Amino acid sequence: QVQLVESGGGLAQAGGSLRLSCAASSRRLSAYAVGWFRQAPGKEREFVAAISRSGSRSLSGDSVKDRITISRDNAKNTVYLQMSSLQPEDTAVYYCASKTWIGVPETTAGWYDYWGQGTQVTVSS
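Residues numbered from 1 in each chain as written. Predicted model: local features only at pLDDT ≥ 70, side-chain atom pairs only at ≥ 80, totals over all residues. Heavy atoms only, no water.

## Description of the packing of aromatic side chains
So, point 1. What the rule picks out here adds up to 8 aromatic pairs.
So, point 2. The interplanar angle of 50 degrees and the centroid separation of 5.2 Å between the aromatic rings of phenylalanine 37 and tryptophan 115 together place this pair among those described as tilted. Placement of the pair is phenylalanine 37 in strand E4 (residues 32-39) and tryptophan 115 in strand E10 (residues 114-115), with a sequence separation of 78 residues.
So, point 3. Judged by relative accessible area, which is 1%, phenylalanine 37 ranks as buried.
So, point 4. Note on tryptophan 115: relative accessible area 28%, which makes it partly exposed. (Phe/Tyr/Trp six-rings, centres within 6.5 Å; stacked < 30°, edge-to-face > 60°. Helix = DSSP H or I, 4+ residues; strand = E, 2+ residues; numbered from the N terminus. Buried < 20%, exposed > 50% of the residue type's maximum accessible area, 1.4 Å probe, protein only.)

If you want it as structure tokens, here you go:
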């Protein structure tokens with residue numbers, strides 16, 4: 001079982017940037033596809049981005065496609081989510097999730113096996 005810990009959230013101004021990190025402990029993250037999701041109060045969990053275990057394939061959600069970059073450093077056991085041009089509607093708790101998988105990851109939350117505790121991102125206008 002892999003344990004995931006998100007970090008890098010906080011308060012940002014509209015138009016600003018943040019980089020979130022998802023670090024794994026107890027297992028090598030290189031064995032896992034990793035996804036990022038977010039959930040705002042009163043809303044369903046939304047897919048943000050995902051990356052294959054090698055980093056060769058990535059996906060992003062339509063609402064953030066032009067503003068995010070997902071990457072990973074398997075040597076550091078960490079996946080990153082770089083977000084730019086932040087807007088107040090990006091305010092949410094951001095979660096990373098993982099699944100042992102070789103191919104292209106999925107975009108549905110139920111596909112993933114392990115989840116972090118989340119990190120809050122708040123964007124002020």
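## Considering unusual backbone geometry
So, point 1. A positive phi is found at asparagine 77, a non-glycine position, where the angle reads about 60 degrees.
So, point 2. Relative to the helices and strands, asparagine 77 resides in the loop between strand E7 (68-73) and strand E8 (78-83).
So, point 3. Although it is not a glycine, serine 85 adopts a positive phi angle of roughly 50 degrees.
So, point 4. Relative to the elements of secondary structure, serine 85 occurs in the loop between E8 and strand E9 (92-100).
So, point 5. Relative accessible area serves as the criterion here: at 36%, serine 85 is assigned to the partly exposed category.

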